[in-house]
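So you can see what is in the structure, the chains are spelled out below.
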Amino acid sequence: MHRRTLAELAAGLRKKEFSSVELTRHYLERIERGQPALNAFVTITREQALAAAEAADRELAAGRGGPLTGVPIVHKDIFCTQGVLTTCASRMLSNFVSPYDATVVAKLKAAGTVMLGKANMDEFAMGSSNETSWYGPVRNPWNPELVPGGSSGGSAAAVAARLAPAATATDTGGSIRQPAALCGVTGIKPTYGRVSRYGMIAFASSLDQGGVITVSAEDAALVLGAMAGFDPQDSTSVDTPVPDYTATLNDSVEGLKIGLLKEFFDKGLDPENEQRVREALAVYERLGARLQEVSLPNLPLSVPTYYVVAPAECSSNLARYDGVRFGYRCENPRDLMDLYKRTRGEGFGAEVKRRIMTGTYVLSAGYYDAYYLKAQKVRQLIARDFERAFQEVDVLIGPTTPTPAFALGAKTSDPITMYLNDIYTIGANLAGLPAISIPCGFVRGLPVGLQIVGRHFAEAKILNVAHVYQRETDWHLRVPPGWA
Amino acid sequence: MEWETVIGLEIHAQLSTKSKIFSGSSTAYGAAPNVQANLVDLGYPGVLPVLNREAVRMAVKFGLAIDAKIARHSVFARKNYFYPDLPKGYQISQYELPIVADGSLEIVLDDGTRKRIGITRAHLEEDAGKSIHEGLPGVTGIDLNRAGTPLIEIVSEPDMRSAKEAVAYMKKVHTLVRYLEICDGNMQEGSFRCDANVSVRPKGSDRFGTRTEIKNLNSFRFVEKAINYEVARQIDILESGGKVVQETRLYDPDRGETRSMRTKEEANDYRYFPDPDLLPLVLDDAFIDEVRASLPELPDQKAARFSEQYGLSAYDAGVLTASRELADYYEEVVRRVPGEPKLAANWVMVELAAALNRDGVEITESRVSAGRLAGLLNRIVDNTISGKIAKEVFEAMWTSGRDADTIIEEKGLRQITDTAAIEKAIDEVLAANPKQLAEYRAGKDKLFGFFVGQVMKATKGKANPAQLNELLKKKLQG
């Protein structure tokens, strides 16, 4: 069953080829077997999953339910889930049972999906390798010595190893697309404001966006359709109707204008990785799309810009973890200052602390203009670069990452090289644009990703562009050895 | 040396919205600790703020009432600092782009002249919770019911030159926010409080001296006392050759002095930046016009109308419009006692004010309603009782809670207007006092008062004074 896509599983459920309980049991068994090797989960919610599956089966038996009823799914542990541990992979929230559901969780629950568990991740979504988790690193199903990417490493690894047909994820600087690329799966980050952030634990509020990791673009279209939409509880969510993303998946790409970002094909790009991307572009040319080089002159500034804006916001967003109302609290604090210092000193990991300190610095009196304000201006310039490019082309296509997956520990001692792993993904976050990563082949036996960036709210277009490629190729259907 | 005092006030007024500024929790005062704090107020992981439209409307109302600029585009910013009663570790406020800027109010000084006080800005922000120490030995309790209550912070220019001016300005703002029905003005509950920035400089200097900020003053009396203490303290320092330290100070009402809280060097770096969870607040003309149309008659407008329409002095009009409730009470009395606005003004400002003051009750809780007071005044106007008797009736109304007519009837206070009855009383008095009558007729005019008094005594004060005078004159002439 697990070799099928989510769309095929949903069809199977409706045709009663198998029940949701059977499907759920199957995935729970795979998760329990896979967890020791991959560490993709923080929490496995067996009991709740089986209860939800039974309820879904009753719906299906009564001829009710929607396209996702009975489909198992995993939530990144950044989404609040009522009555279930929600840790953000941090010691700080290692005892936090959320009293409420995130909007995304509530919507997918209402759509009839069955939650299997909570996916491991980088602590507070800060990381590109899933090595900053308090619960230990997640391993790449293609090679357990390698990282799965981050921060949604658990979500990507779970889908890649077919421990779940889909997993929610979040993307602040590439946290959906980069692990999707490194694990050989499909991951979409929608337009900023398309998916509610309510109940999605904040890292950098102006950049964070929820999305989903799946096997195929068609699966992503199904799940995203159920996740997206205006939420009165999120002032930054946008009140525009959600189209049926599956309706336009097969639209022709003939005459589609594809922009190749000059800045993406730079010297940091692994030549073999570039080769796979060029091969994918050839597929589009064969389908009648036109390629055109475009330049975003300010894009090379995206990493430094991001590493001012994101830490600034995180330094403020994470101030609420003070040991007073919930979460971790140090033992026997002497006084208030001791409570703050030790709770935060013990509760946060090194990378989180590094970013809080960076963010505090760039917002400080005397440095604000030079860092935060300047970064905001550069962010505007980058957004304008994208706008100009989209006057010429319909989508931008390039690599998702410079290289395939790297070894555990390879970059942990040097944050800068780690940060540079997100060089191709950060631009879309700074500009709030939708982007998807899809598998486009292998380099030295490891999957690499093709990134498609669209105009604001052009999720349907990038899903369509991704889908027509997946009709022509089967990279997305390859399963890591040992997980078939 | 002669010194000049320079004062600016930052007034915090709690907006009387039903729910909090960024969440749906109730803002009602006095509930058990933490029952009015939901997940948003508690700063739980993942929650987000949603701006209360009513709070925006109230801030715009205030801005229009002080003739300020209403920002078409304003921005919420985070003020970052750690404190146990600040759940998120930041307060959502407005910093660089406030919703209201550049307004003013007029105050009336003791000599009757008017003075314009500039209002630099007024911005929306959320209140913090409260730390509780009393009754909790060894620990600090946190009550987050107040966390997220909408506030408008009203920042004046340093335009005031004495504690009295500062109090006059604060009272003016207090009156205004209550007229606008955007704040209940309850200072005991902390709904209306202020910080005072105080400095002194040699008279004639155009540079400001070093200022101190006195935090959290929650009564007009404390504002006056704290400023006067602080001015004297600063002058003392300067005259003995010292320097005033820029710092935040607290007023201790028990000891009547201000104390240092923290110096500038110890001040927090609040690291303000635009709140990414809230989009810039954009207001269009239609919204602002709609709020403008909802503005009530403002205190100054009402006072001018009272002078014009009721022929009151500027002072009386000012007193009667000091609160909307008092003005409404007065107008209700006027409406029910046609043609007697001055009589009504005197009674409201003297007898009623004295009774309210004596029992410490607000006009809204007056034991004599406007309708009842009008009933009393109408008995004066129609000569049923005299003004003097009316005071007695008013006291009885105040204590018994009954209406004027009942009391007049019960106590038999109705004025005697029957000519025959008054004549009979006069005849009896004249017959009983032949000696005085003879003296009067011999030219001792002063004795007229004696006869009035005797007749009044005989009639228990109920004889109509005008009739009595007329009839007595006739009789005395023989």
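Residues numbered from 1 in each chain as written. Chains lettered and ligands numbered in written order. Predicted model: local features only at pLDDT ≥ 70, side-chain atom pairs only at ≥ 80, totals over all residues. Heavy atoms only, no water.

Caption draft 1: Main features of the overall build of chain A. Along its length, chain A carries 15 helices and 11 strands. Taken over C-alpha atoms, the radius of gyration comes to 21 Å for chain A, in line with the 23 Å a tight globule of 484 residues would show. Burial analysis of chain A (484 residues in total) assigns 66% to the buried set. In chain A, 75% of the contacts between residues at least 6 apart in sequence involve partners at least 24 apart. Taken as a whole, chain A presents about 16,100 Å² of accessible surface, with 53% of it coming from carbon and sulfur. (Helix = DSSP H or I, 4+ residues; strand = E, 2+ residues; numbered from the N terminus. Rg over C-alpha atoms; globule rule 2.2 N^0.38 Å. Buried < 20%, exposed > 50% of the residue type's maximum accessible area, 1.4 Å probe, protein only. Contact = heavy atoms within 4.5 Å. Areas by Shrake-Rupley, 256 points an atom, 1.4 Å probe, with all protein chains shown as cover.)

Caption draft 2: Geometry of the packing of helix α8 (residues 341–359) of chain B against helix α10 (residues 387–400) of chain B. Residue and element names in this part refer to chain B. Relative orientation of the contacting elements α8 and α10 amounts to 30°, with a least axis distance of 12 Å. The two elements α8 and α10 cross, and the hand of that crossing is right-handed. Along the contact surface, α8 presents Trp 347, Glu 351, Leu 352, Ala 355, Leu 356, Arg 358 and Asp 359, while α10 presents Gly 387, Ala 390, Lys 391, Phe 394, Glu 395 and Trp 398. Looking at the contact of α8 with α10 residue by residue, the classes come out as seven nonpolar, one polar and five charged. (Axes fitted to C-alpha atoms, helices over the stretch in contact; angles between N-to-C directions. Left-handed = near helix turned anticlockwise from the far one by under 90°. Nonpolar A, V, L, I, M, F, W, Y, C, P; charged D, E, K, R; others polar.)

Caption draft 3: Highlighting the domain arrangement of chain B. Each domain of chain B was delimited in the assignment, giving domain 1 (3–273), domain 2 (299–411) and domain 3 (419–477). Computed over C-alpha atoms only, the centres of domain 1 of chain B and domain 3 of chain B are separated by 67 Å. (Domains from an automatic or database assignment.)

Caption draft 4: Spatial organisation of the pairing of strand β10 (residues 150–156) of chain B. Residue and element names in this part refer to chain B. Counting buried positions over the seven residues of β10 gives seven, a clear majority of the element. Residue alternation in β10 divides its side chains into two sets, Pro 150, Ile 152, Ile 154 and Ser 156 and Leu 151, Glu 153 and Val 155, and both sets are buried. As paired elements, strand β1 (residues 3–14) and β10 share five bridges and run antiparallel to each other. Across the sheet, residue Ala 13 finds its bridge partner in β10, namely Ile 152. Where strand β7 (residues 114–126) lies against β10, seven bridges are found, and the strand directions are antiparallel. Looking at β10, one finds that Glu 126 is bridged to Pro 150. (Pairing = 2+ DSSP bridges.)

Caption draft 5: Layout of the interface of chain A and chain B. Contacts between chain A and chain B engage 39 residues on the former and 30 residues on the latter. Together chain A and chain B conceal approximately 2,800 Å² of surface at their shared face, both sides included; 59% is due to carbon and sulfur atoms. Sorting the residues of chain A by area buried against chain B places Ser 235, Arg 320 and Arg 325 of chain A first, and these three jointly supply 22% of that buried surface. Inspection of the chain A/chain B interface yields one salt bridge. In this structure, the salt-bridge partner of Arg 197 of chain A is Asp 277 of chain B, at a minimum N-O distance of 3.1 Å. For the pair chain A and chain B, the number of links is 17 residue pairs in polar contact (both at pLDDT 80 or more). Only α9 (302–317) and α10 (336–347) of chain A provide two or more residues apiece to the side of chain A that touches chain B. Residues that form the side of chain A that touches chain B fall into these classes: 21 nonpolar, 11 polar and seven charged. (Buried area = accessible area lost by both parts, 1.4 Å probe. Salt bridge = Lys/Arg side-chain N within 4 Å of Asp/Glu carboxyl O. Polar contact = N/O pair within 3.5 Å; in protein donor to acceptor, adjacent residues only side chain to side chain.)

Caption draft 6: Region of interest: the packing of aromatic side chains. As enumerated under the stated definition, the model contains 31 aromatic pairs over all chains in all. With a centroid separation of 5.1 Å and an interplanar angle of 45°, the aromatic rings of Phe 264 of chain A and Tyr 424 of chain A are classed as tilted. With Phe 264 of chain A in the loop between β7 (257–261) and α8 (271–286) and Tyr 424 of chain A in the loop between α13 (415–420) and α14 (426–431), this pair connects stretches of sequence that are 160 residues apart. By relative accessible area, Phe 264 of chain A is classed as buried at 4%. Between Phe 306 of chain B and Tyr 310 of chain B, the ring centres sit 5.3 Å apart and the planes meet at 65°, which makes this aromatic pair edge-to-face. One end of the pair, Phe 306 of chain B, and the other, Tyr 310 of chain B, are both in helix α5 (residues 299–310), four residues apart, so they sit about a helical turn from each other. (Phe/Tyr/Trp six-rings, centres within 6.5 Å; stacked < 30°, edge-to-face > 60°.)

Caption draft 7: Local environment of the pattern of salt bridges. All names here are of chain B. For the structure on display, the rule yields 65 salt bridges over all chains. The residue Glu 410 makes a salt bridge to Arg 402 at a minimum N-O spacing of 2.8 Å. The exposed category is assigned to Glu 410, whose relative accessible area is 54%. For Arg 402, a relative accessible area of 36% puts it in the partly exposed group.

Caption draft 8: Summary view of the sheet that holds strand β12 (residues 212–217) of chain B. Residue and element names in this part refer to chain B. Strand order in the open sheet formed by nine strands is β2-β6-β7-β10-β1-β11-β12-β13-β14, and the pairing between neighbours is mixed. For this open sheet the edge positions go to β2 (69–70) and β14 (257–263), each flanked by a neighbour on one side alone. Pairing of β2 with strand β6 (residues 100–108) involves two bridges; the strand directions are antiparallel. The partner of Ile 70 across the bridge, within β6, is Val 100. Helix α2 (residues 163–179) contacts β1, β6, β7, β10, β11 (192–202) and β12 of the sheet and is inclined by roughly 115° relative to β6. The strands touched by helix α3 (residues 220–239) are β1, β11, β12, β13 (247–252) and β14; relative to β11, the strand with the most contacts, the crossing angle is about 25°.

Caption draft 9: Spatial organisation of helix α12 (residues 369–392) of chain A. The terminal C-alpha atoms of α12 of chain A, which comprises 24 residues, lie 34 Å apart, in line with the 34 Å expected from a rise of 1.5 Å per residue. Within α12 of chain A, the full set of buried residues consists of Tyr 372, Ala 375, Gln 376, Val 378, Arg 379, Ile 382, Ala 383, Asp 385, Phe 386, Ala 389 and Phe 390 of chain A. (Expected span 1.5 Å × (residues − 1).)

Caption draft 10: Layout of the sheet that holds strand β5 (residues 90–94) of chain B. Read across the sheet, three strands follow the order β5-β4-β15 (chain B) without closing on themselves; strand pairing throughout is antiparallel. The sheet is open, and its two edges are formed by β5 and β15 (273–274) of chain B, each paired on a single side. By the bridge criterion, five bridges tie strand β4 (residues 76–80) of chain B to β5 of chain B in an arrangement that is antiparallel. Residue pairing for β5 of chain B: Arg 78 of chain B is matched across the bridge by Ile 92 of chain B. Packing against the sheet, α9 of chain A makes contact with β4, β5 and β15 of chain B, and its axis sits at approximately 65° to β4 of chain B.

Caption draft 11: View of the nonpolar core. One finds Phe 124, Tyr 284, Phe 386, Ile 452 and Leu 463 of chain A to be the most contacted residues of the largest nonpolar core, which totals 170 residues. Beyond its immediate sequence surroundings of up to four residues, Phe 386 of chain A is in contact with Leu 296, Leu 299, Leu 396, Gly 427, Ala 428, Ala 431, Leu 433 and Val 453 of chain A. Listed in part, the 67 residues of the second largest apolar core include Ile 70, Ile 154, Leu 176 and Phe 287 of chain B. (Core = buried A, V, L, I, M, F, W, Y, C linked by side-chain atoms within 4.5 Å.)

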